[in-house]
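Secondary and tertiary structure notes
Single-letter residue listing:
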Amino acid sequence: MRLRHLASKEVIDVREGKKLGILGQADLTIDPDSGRILSLIVLNRGLFHSKTETVIEWDYVEIIGEDTILISK
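Residues numbered from 1 in each chain as written. Predicted model: local features only at pLDDT ≥ 70, side-chain atom pairs only at ≥ 80, totals over all residues. Heavy atoms only, no water.

Brief notes about the pairing of strand β7 (residues 68-71)
Across the two faces of β7 the burial differs, with Ile69 and Ile71 buried and Thr68 and Leu70 not buried at all. Of the strand pairs in this sheet, strand β1 (residues 10-13) and β7 are connected by four bridges, and their pairing is parallel. By the bridge assignment, Glu10 is partnered in β7 with Thr68. Both strand β6 (residues 61-64) and β7 contribute to a ladder of three bridges, which runs antiparallel. Considered in β7, the bridge of Ile63 is made with Leu70. Between β6 and β7, which pair antiparallel one after the other, the connecting turn spans three residues. (Buried < 20%, exposed > 50% of the residue type's maximum accessible area, 1.4 Å probe, protein only. Helix = DSSP H or I, 4+ residues; strand = E, 2+ residues; numbered from the N terminus. Pairing = 2+ DSSP bridges.)

Observations regarding the environment of Ile37
Looking at the element boundaries, Ile37 is found in strand β4 (residues 37-45). For the pair Ile37 and Asp59, spaced 22 residues apart in sequence, the C-alpha separation works out to 9.4 Å. Aside from chain neighbours lying at most four places away, what touches Ile37 is Leu28, Thr29, Ile30 and Trp58. (Contact = heavy atoms within 4.5 Å.)

A look at the environment of Thr68
With respect to the element layout, Thr68 can be found in strand β7. Taking the relative accessible area as the measure of exposure, Thr68 reaches 23% and is therefore partly exposed. Residues Thr68 and Ile22 lie 46 residues apart in sequence; the distance between their C-alpha atoms is 8.7 Å. Among all residues touching Thr68, those that are not within four sequence positions of it are Lys9, Glu10, Ile12 and Ile63.

Points about the environment of Val61
As for its position among the elements, Val61 is in strand β6. Take Val61: its relative accessible area is 16%, and that puts it in the buried class. When the C-alpha atoms of Val61 and Lys73 are compared, they prove to be 8.4 Å apart, with twelve residues separating the residues in sequence. Beyond its immediate chain neighbours, meaning those up to four positions away, Val61 contacts Leu40, Ile69, Leu70 and Ile71.

Right, here's the structure in full:
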């Protein structure tokens, strides 16, 4: 799967039932030796343009669906 296909997916924590953000506003941490994705960094914009970030280890990704990415951390 290409990154552009992931870009519009919403990230949801299934244990807490909480929306964490949209992957299009995110970065990836990639192991340069293996090319393996290590984590997702989801950026959320709050009031007055403040930004918070949530780091999600790739091992927590449970399902990548058509519209959402479900994680369990």
